[in-house]
Amino acid sequence: MADMIPVPERMKMSQRPMPEQDPKKRTRNFDEVPLGYKKGDAIYEAQRCLQCDPPPCVGGCPAEIHIPQFIRKIVEEDFASAYLEILKTNNLPAMCGRVCPQEEQCQRVCVYNKMGKPITIGRLERFVSDWARKQDTKEKLPEIKKKRKLVAVVGSGPAGLTCAADLAKMGYDVTIFEALHKPGGVLTYGIPEFRLPKRIVESEVDKIKELGVKVVTDFVVGLTKGVDELGEEFDAIFLANGAGAPQFMHIPGENLNDVYSANEFLTRSNLMKAYKFPEFDTPIKVGKKVVVIGAGNVAMDAARTALRLGAKEVRVVYRRTKEEAPARVEEIAHAEEEGIVFDFLTLPVRILGDEKGNVTGMECIKMQLGEPDESGRRKPLPIEGSNFIMQVDMVVNAIGTTANPIVARSATSVQTNKRGYFMVDEKTRATSREGIFAGGDITRGSATVISAIGDGKKAARAIDSYLSSGGSLRKKTPT
Amino acid sequence: MPKIITKREIAPNIISLKVTAPLIAKRVKPGQFIILMTDERGERIPLTIADYDRENGWIRIVFQVVGKTTAQLSQMNEGDELFSLVGPLGNPSKISNYGTVVTVGGGTGIACVYPITRALKEAGNRVIAIIGAKTKDLIIMEEEMRKASSELLITTDDGSYVRKGFVTEVLDEVLRREEDVKKVWVIGPAPMMKAACEVTKPYQVEMIVSLNAIMVDGTGMCGSCRVTVGGETKFVCVDGPEFNGHLVDWPEFMNRLARYGRQEKLSFEPHEKSYGEKNG
Ligand SMILES: Cc1cc2nc3c(=O)[nH]c(=O)nc-3n(C[C@H](O)[C@H](O)[C@H](O)COP(=O)(O)OP(=O)(O)OC[C@H]3O[C@@H](n4cnc5c(N)ncnc54)[C@H](O)[C@@H]3O)c2cc1C
Ligand SMILES: Cc1cc2nc3c(=O)[nH]c(=O)nc-3n(C[C@H](O)[C@H](O)[C@H](O)COP(=O)(O)OP(=O)(O)OC[C@H]3O[C@@H](n4cnc5c(N)ncnc54)[C@H](O)[C@@H]3O)c2cc1C
Ligand code: SF4
Ligand code: FES
């Protein structure tokens, strides 16, 4: 077992870099890019941790992971205990370790920032959960006393999975209803294999099923059955259907054949495995010169997928600058390393095509930054007369998604705001209708995995206190 | 798991399946569809719900073998289970008592227009139904359509049955003969629906088509199915599948249907070959 190194020595150690697949090689496969810490890397990095008391990092984690405690267990080489420590508060560590923006959360408030580089908490979280997945032994689940109350969860993304798992651990009988044929939400259909391998999503979902959670796929709430009908069968409901409806720019040429929404492009590739066509039946097209509109995580995923599917050139256009780009710093860096070209301060105004519907180019206008707007960001303004035509034959639109109204339409007296998101109490995630709670992207618009997880946890607590105090939807008729 | 309970080849390459789906059967209304997958590697394909039995919990689908997935589906047998089946998707047809209405089905579109025709008649309309296909063998569901309508007109492209001509010609005659047709439903291949829209335009009659756009999820999540209607982008799966045919941008719609032509061939040909080898 490694000993604790004296603090002054520890502070001299440098941050362990993440081993990664070579950029030249990786653009030709869908394998994971960051390879993960080896045991030695993890122990070394864990030894740097100062075991602060109180630990500021925990305050930066929406899942409230006991960070110094699990890191301590890594130093002790007791990975099983490290894993159990994480599982106490986070049901999806292998995913969080890979896709959470730790640089804006736990790692941003790590004390090391004052003197050097923070502890790489996310990489350690990933190391521990990957180690656990490779062990044959199953964690022994504590005996749970069953409660005879039924909870329905709508949607199997991170918010739904978390809420379901927490409630199941408390003994509730939980059923998740999922519209697609596979659970996982964006983790399954949106985020590509090279960033989050699907076997990892499947294994984390399986763990949640082992807690007794039932997952009903191919069930569109609002069409197969409405929320109101579920309310007659369940004591409480958690709505976590995400914000999956793609938005378009409403510019000419947007419905040409080779214009995709990022959702369609990524769903074909990830959920339907079109990158393995024709071994899998769903087709996907990729142009020689592909342009992706937008600079969020979704845009980076689409651009990097296009490259791997064989595009010769992939560009990203964004109307603001790199500083404003919403994607994780790491993902922009990965995209740049892979040769993706960024055109900042550029706004598409028209997509050009021929009479068969093929894309032949995209007209853009150059932008400049004006005065800051309400959000504090400087507003991009078009530069008169700077229009130019970009030579492309495929366009992927990744400007964002919004609420899909199918669930809300079937939920009498559950209030939504004017953008279609469920209105909730921040702390309890309670909606305007007693017994119905909501969380994740459908309450705030597209955000992060960890904020969805945080909502799922809050809702589980609130649902527990609602049901424990005798509440039940089944007793009420909507008013 | 949804199980195939009966399978009939009702015309060459046109198959009718009854599948257990109690939840879908309970809620479905005419005009809605399902999405299915035959197996884990399969594609998600949309098919109209041609009939249903709420009590016994089944739905019926009728499809033509046109590519890999429909071929695979046609090779499944009674007792087999589908990998995935979801629905009912899309908006139901707006059924009410309008007076005199016309429903038109071409090819497998006959199966799609059947539940709508039946519901319109049950709602008290006088329903003139027109069905057509390339040739006699491909006229499907004639008896069901006769029962479901007030008057049934049949036509074949080659004249091998009843009369020679396209459904659009029959539609034109009906509109000329009838004083007061309130609405026309036309379901069939895109070129036929487009031609029917041209026929009905001069008559100032409300024209409804059901669009067979290429879909993935069928719930409004991907936008694969988008179409321009009256200058606005609509998603066929959640805003349709029925639209005012006079407002549809047909050239764009037909271009988008051909999006994967090359890939479809790539996936179908090896399949045909290996199936042929296995089955002599
Ligand atoms: C391509 C992409 C990359 C991303 N990258 C990152 C990243 O690196 N880091 C990060 O933190 N965040 C990232 N995000 C954002 C993050 O994935 C989301 O914020 C998060 O998944 C939201 O979780 P959720 O549980 O609210 O909803 P979702 O994950 O959207 O899940 C909702 C689920 O509900 C289902 N559903 C919808 N309607 C119905 C219905 N009517 N009936 C039944 N089920 C229904 C959906 O099919 C889906 O499975 C990314 C998003 C995308 C699209
Ligand atoms: C709402 C709706 C209802 C439909 N109802 C019926 C029906 O009742 N009976 C019937 O025979 N057909 C119906 N179709 C068409 C049917 O979905 C296609 O014939 C089927 O997807 C072809 O798949 P394939 O793999 O066999 O052929 P492919 O070789 O993949 O394609 C053949 C042609 O079918 C169309 N197509 C391909 N993939 C899709 C897809 N994922 N979604 C939609 N169309 C696609 C394309 O235009 C293509 O050119 C309907 C389509 C829609 C959208
Ligand atoms: S703030 Fe940094 S050093 Fe302190 S406990 Fe957390 S991870 Fe360790
Ligand atoms: S099929 Fe995906 S939005 Fe219509």
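Per chain, residues are indexed from 1 in the order of the written sequence. Chain letters start at A and ligand numbers start at 1, both assigned in the order the entries are written. A pLDDT threshold of at least 70 governs which residues receive local features in this predicted model, and a stricter bar of 80 or more applies before side-chain atom pairs are shown or counted, although totals over entire chains, interfaces and linings include all residues. With hydrogens and water excluded, all non-hydrogen atoms of the structure serve as input to the side-chain values.

Undergrad: What exactly am I supposed to notice about the sheet that holds strand E9 (residues 126-133) of chain B here?
TA: Neighbouring strands of a sheet are bound in pairs by backbone hydrogen bonds; such pairs are parallel or else antiparallel. Residues and elements named next belong to chain B. In space, the six strands of this open sheet follow the order E10-E9-E8-E11-E12-E15, with mixed pairing throughout. Each edge of the open sheet carries a strand with a single partner, namely strand E10 (151-156) and strand E15 (242-244). The sheet shows a mean angle of 20° between the axes of neighbouring strands, taken without regard to direction. Relative to strand E12 (residues 206-210), strand E11 (residues 181-187) is paired through four bridges, and the arrangement is parallel. Its bridge partner being in E12, valine 184 is matched across the sheet by methionine 207. In this scheme, strands are said to pair when DSSP sees at least two bridges between them. Only DSSP runs of H or I covering at least 4 residues are called helices, and only runs of E covering at least 2 are called strands; the numbering of each starts at the N terminus. Axis definition: a line fit to C-alpha positions, over the contact stretch in the case of helices; interaxial angles, taken between N-to-C directions, run 0 to 180 degrees.

Undergrad: Any chance you could explain the side chain of aspartate 235 of chain A here in plain terms?
TA: Residues and elements named next belong to chain A. Tracing the sequence through the fold places aspartate 235 in the loop between helix H13 (227-233) and strand E4 (236-239). Polar contacts involving the side chain of aspartate 235 include one to the side chain of serine 472, which spans 2.7 Å. Polar contact criterion, stated in full: a pair of N or O atoms within 3.5 Å, where within protein one must be able to donate a hydrogen and the other to accept it, and residues adjacent in sequence count only if both atoms are side-chain atoms. There is a polar contact of 3.1 Å between the side chain of aspartate 235 and the side chain of arginine 474. Note on contacts: a residue pair is in contact if any heavy atoms of the two residues lie within 4.5 Å. Discounting residues that sit within four places of it in the chain, aspartate 235 has contacts with Arg148, Lys149, Leu150, Tyr466, Leu467, Ser472, Leu473 and Arg474.

Undergrad: It is not clear to me how the side chain of glutamine 263 of chain B should be interpreted in this structure. Could you clarify?
TA: Within the secondary structure, glutamine 263 of chain B is located in helix H9 (residues 261-278). A polar contact of 3.3 Å, which involves the side chain of glutamine 263 of chain B, links it to the backbone oxygen of isoleucine 284 of chain A. Filtering out sequence-adjacent residues up to four positions away, glutamine 263 of chain B remains in contact with Phe277, Pro283, Ile284 and Lys285 of chain A.

Undergrad: Help me understand the packing of aromatic side chains in this model?
TA: Given two aromatic rings, their pairing is described by the distance between the two centres and the angle made by the two planes. Ring pairs shown here join Phe, Tyr and Trp side chains whose ring centres sit within 6.5 Å, with only the six-membered ring taken for Trp; geometry is labelled stacked below 30 degrees between planes, edge-to-face above 60, and tilted in between. One pass over the structure, following the stated rule, counts twelve aromatic pairs over all chains. Both rings, one in phenylalanine 30 of chain A and one in tyrosine 275 of chain A, keep their centres 4.2 Å apart while their planes meet at 20°; by these two values the pair is stacked. Here phenylalanine 30 of chain A, found in the loop between helix H2 (23-26) and helix H3 (39-48), pairs with tyrosine 275 of chain A, found in the loop between helix H14 (262-271) and strand E7 (289-293); they are 245 residues apart in sequence, far enough to count as distant. What makes phenylalanine 30 of chain A buried here is its relative accessible area of 10%. Grouped by ring-pair contacts, the aromatic residues Phe30, Phe194 and Tyr275 of chain A constitute a single cluster. Definition used: whenever NZ (Lys) or CZ (Arg) falls within 6 Å of the ring centre and also within 35 degrees of the ring normal, the charge is taken to sit over that ring. Here arginine 16 of chain A stacks its cationic end above the ring of tyrosine 44 of chain A, 4.1 Å away from the centre of that ring. Against the face of tyrosine 52 of chain B rests arginine 118 of chain B, its NZ or CZ located 5.7 Å from the ring centre. Relative accessibility thresholds used throughout: buried, under 20% of the residue-type maximum; exposed, over 50%; partly exposed, between the two (1.4 Å probe, protein chains only).

Undergrad: Help me understand the packing of helix H15 (residues 297-308) of chain A against helix H16 (residues 329-337) of chain A in this model?
TA: How two helices sit against one another is set out by the angle between their axes and by the gap between those axes. Residues and elements named next belong to chain A. Running from amino to carboxyl end, H15 crosses H16 at an angle of 25°, the nearest separation of the two axes being 10 Å. Relative to H16, the element H15 is oriented roughly parallel. For the element pair H15 and H16, the recorded crossing hand is left-handed. Judged by residue contacts, Asn297, Met300 and Arg304 of H15 engage Glu331, Ile332, His334 and Ala335 from H16. Three classes are used: nonpolar for Ala, Val, Leu, Ile, Met, Phe, Trp, Tyr, Cys and Pro, charged for Asp, Glu, Lys and Arg, and polar for all others, with Gly counted as polar. Classifying every residue of the contact of H15 with H16 by side-chain character gives three nonpolar, two polar and two charged. Note on angle classes: values under 35 degrees are labelled roughly parallel, values over 145 roughly antiparallel, values of 65 to 115 roughly perpendicular, and the remainder oblique. Note on convention: the crossing is left-handed when the near helix lies turned anticlockwise from the far helix by less than a right angle, right-handed when the turn is clockwise.

Undergrad: Would you mind going over the site of ligand 2 with me for this structure?
TA: All names here are of chain B. Only heavy atoms are used to decide nearness, and a residue is near a molecule or strand if one of them lies within 4 Å of it. The environment of ligand 2 is made up of 24 residues, and the closest members are Pro46, Thr48, Val62, Thr69 and Thr70. Within the side chain of threonine 48, an N or O atom sits 2.9 Å from a nitrogen atom of ligand 2. The backbone of threonine 69 places a nitrogen or oxygen atom 2.9 Å from an oxygen atom of ligand 2. Its free accessible area being 860 Å², ligand 2 has 88% of it covered by the protein chains. Only the protein chains shown count as cover for residues, and all accessible areas are computed by the Shrake-Rupley method using a 1.4 Å probe.

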